[in-house]
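Each chain is listed here by its residues.
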Amino acid sequence: MITDTTAESGEVKSSILDCVGNTPLVSLDRLFPEKELQVISKLELMNPGGSMKDRTARYMIEQGIENGTIPHGAHLIESSSGNLGIAIAMACRILGLSFTCVVDPKTTETNVRILRQLGATVEMVQEPDENGGYLQSRIRRVKELLHKIPDSYWINQYANENNWKAHYNGTATEMVRQLNRSVDVFFAAVSTTGSLLGCTRKLREHFPSIRVIAVDAVGSILFGGPPGKREIPGIGSSRVPELLSPEEIDDVVYVSDLEASWGCRELLEKEGIFAGGSSGSIVAAIQKYLPALPRPCRILTLFPDRGDRYLDLVYNDDWVKQLSDEKTDEPQLMVRERV
Ligand SMILES: Cc1ncc(COP(=O)(O)O)c(C=O)c1O
């Protein structure tokens, strides 16, 4: 049998990790047909593990190995209920590392199964913390495991500087290369804020007057809003990330779960793009924000993940109906100026 292991030879990649990145930009002309407007999205959902977190995982691990903070043969630990956990598990398969993913009962059954298929040990916390959520319980469990497991290393995506650098050196560097002229506004969904900040820092080097809009979930406390129930994973946070740098963000648009679902369905209907909840939030946020933007206007965004893992949420009519029934007033069309 002839095995070609040289990545340089033609189009043969040396592993699935080398398939991360180089995602396309698409113009959403059917969803946003207005003449003086163009909305361009980077399809990060085309990464091999299913999300933009493939980039973050790969970069944080490879840099950690290179600078010696992740020892060879280390046991990685991270608290994640979805995309990052799956991306780390995929990378660990290739890099010969072990991985324990700390999850909670709100993590979907599908994601737990994918994590296990990829060889991760899944550690499920059961006890809600003092705030009624699971975030603090998960962090406590991570710290216990760090003491218990030799050569263990906590990725800590909320504080890891290589989180935003993955997007500065990857996602946004590609976008600048792919664009044929400047853009006026950048929208990104936020949780750790790593992708928004990494892209913003690179984009501002090339387009200094670009306006940066964070898309957050109603009920997320990232920018000081009141905590509330939210069901769509990926977007929003129940803690303030160490990485957050609010002075670099011009505005925040809040999107409810219901609006995100409408956004996802419109994106699928008009553009045939089957994307996850936060992509729907971005579509809804752009629609809300459009009246405040000058014309002509060129908007750039990214769609973080695929729709498959959201069939029981945003694409489930019963889930949507339940949200609509619970809704007592109009969806919160909040836009907050200058955080
Ligand atoms: C689907 C999805 N959208 C948006 C985000 C937000 O990205 P970041 O953590 O870089 O702010 C995440 C992060 O996990 C995600 O999984």
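In this text the structure is predicted, and so the values were computed from the model without any measurement.

With that settled, the discussion passes to the overall build of the chain. Within the chain, the regular secondary structure consists of nine helices and 11 strands. When the backbone C-alpha atoms are referred to their principal axes, the chain occupies close to 55 × 50 × 40 Å. Taken across its 339 residues, the chain has 55% of its residues classed as buried. Of the roughly 15,400 Å² of accessible surface on the chain, a fraction of 50% belongs to carbon and sulfur atoms.

It is worth spelling out the side chain of Ser41 at this point. Tracing the backbone through its elements, the reader meets Ser41 in strand β2 (residues 37-42). Since its relative accessible area comes to 0%, Ser41 is described here as buried. For Ser41, the side chain forms a polar contact with the main-chain nitrogen of Phe303, separated by 3.4 Å. Not counting the four nearest positions on each side in its chain, Ser41 is found in contact with Pro24, Leu25, Val26, Leu28, Thr301, Leu302 and Phe303.

A few words now on helix α5 (residues 161-178). For α5, spanning 18 residues, the distance from its first C-alpha to its last is 25 Å, which sits close to the expected 26 Å at 1.5 Å a residue. The sharpest bend along α5 measures roughly 30° and falls at Ala172. Residues of α5 that are buried include every one of Asn162, Asn163, Trp164, Ala166, His167, Tyr168, Gly170, Thr171, Ala172, Glu174, Met175 and Val176, and no others. Buried residues along α5 sit in contact with β1 (25-27), β2, α1 (53-66), β7 (185-189), α6 (194-206) and β10 (297-302).

Taken as a whole, the chain is organised into domain 1 (16-46 + 168-323) and domain 2 (52-154). One C-alpha centre belongs to domain 1, the other to domain 2; they are set 25 Å apart. Facing 23 residues of domain 1, the contacting portion of domain 2 comprises 18 residues. Across the domain 1/domain 2 interface, buried area totals approximately 1,700 Å², and carbon plus sulfur atoms make up 58% of it. It is Leu17, Val20 and Arg309 that lose the most area in domain 1 upon contact with domain 2, and together they represent 41% of the buried surface on that side. Where domain 1 touches domain 2, the interface holds three salt bridges. Where Arg58 meets Asp18, a salt bridge forms, and the shortest distance between an N and an O atom there is 3.0 Å. Viewed at the interface, domain 2 and domain 1 are joined by 10 residue pairs in polar contact (both at pLDDT 80 or more). Top contributing element to the side of domain 1 that touches domain 2 by residue count: α5, with four residues. Residues that form the side of domain 1 that touches domain 2 fall into these classes: six nonpolar, nine polar and eight charged.

Relative orientation of the contacting elements helix α2 (residues 83-95) and helix α3 (residues 109-117) amounts to 10°, with a least axis distance of 9 Å. Accordingly, the angle class assigned to the pair α2 and α3 is roughly parallel. For the pair formed by α2 and α3, the contact residues are Gly85, Ile86, Ala89 and Arg93 on the first element and Asn111, Ile114, Leu115 and Gln117 on the second. Counted by class, the contact of α2 with α3 contains four nonpolar, three polar and one charged residues.

Conventions we followed
Residues numbered from 1 in each chain as written. Predicted model: local features only at pLDDT ≥ 70, side-chain atom pairs only at ≥ 80, totals over all residues. Heavy atoms only, no water. Helix = DSSP H or I, 4+ residues; strand = E, 2+ residues; numbered from the N terminus. Buried < 20%, exposed > 50% of the residue type's maximum accessible area, 1.4 Å probe, protein only. Areas by Shrake-Rupley, 256 points an atom, 1.4 Å probe, with all protein chains shown as cover. Polar contact = N/O pair within 3.5 Å; in protein donor to acceptor, adjacent residues only side chain to side chain. Contact = heavy atoms within 4.5 Å. Expected span 1.5 Å × (residues − 1). Bend = angle between axes of the 7 residues up to and from the residue. Domains from an automatic or database assignment. Buried area = accessible area lost by both parts, 1.4 Å probe. Salt bridge = Lys/Arg side-chain N within 4 Å of Asp/Glu carboxyl O. Nonpolar A, V, L, I, M, F, W, Y, C, P; charged D, E, K, R; others polar. Axes fitted to C-alpha atoms, helices over the stretch in contact; angles between N-to-C directions. Parallel < 35°, antiparallel > 145°, perpendicular 65-115°, else oblique.

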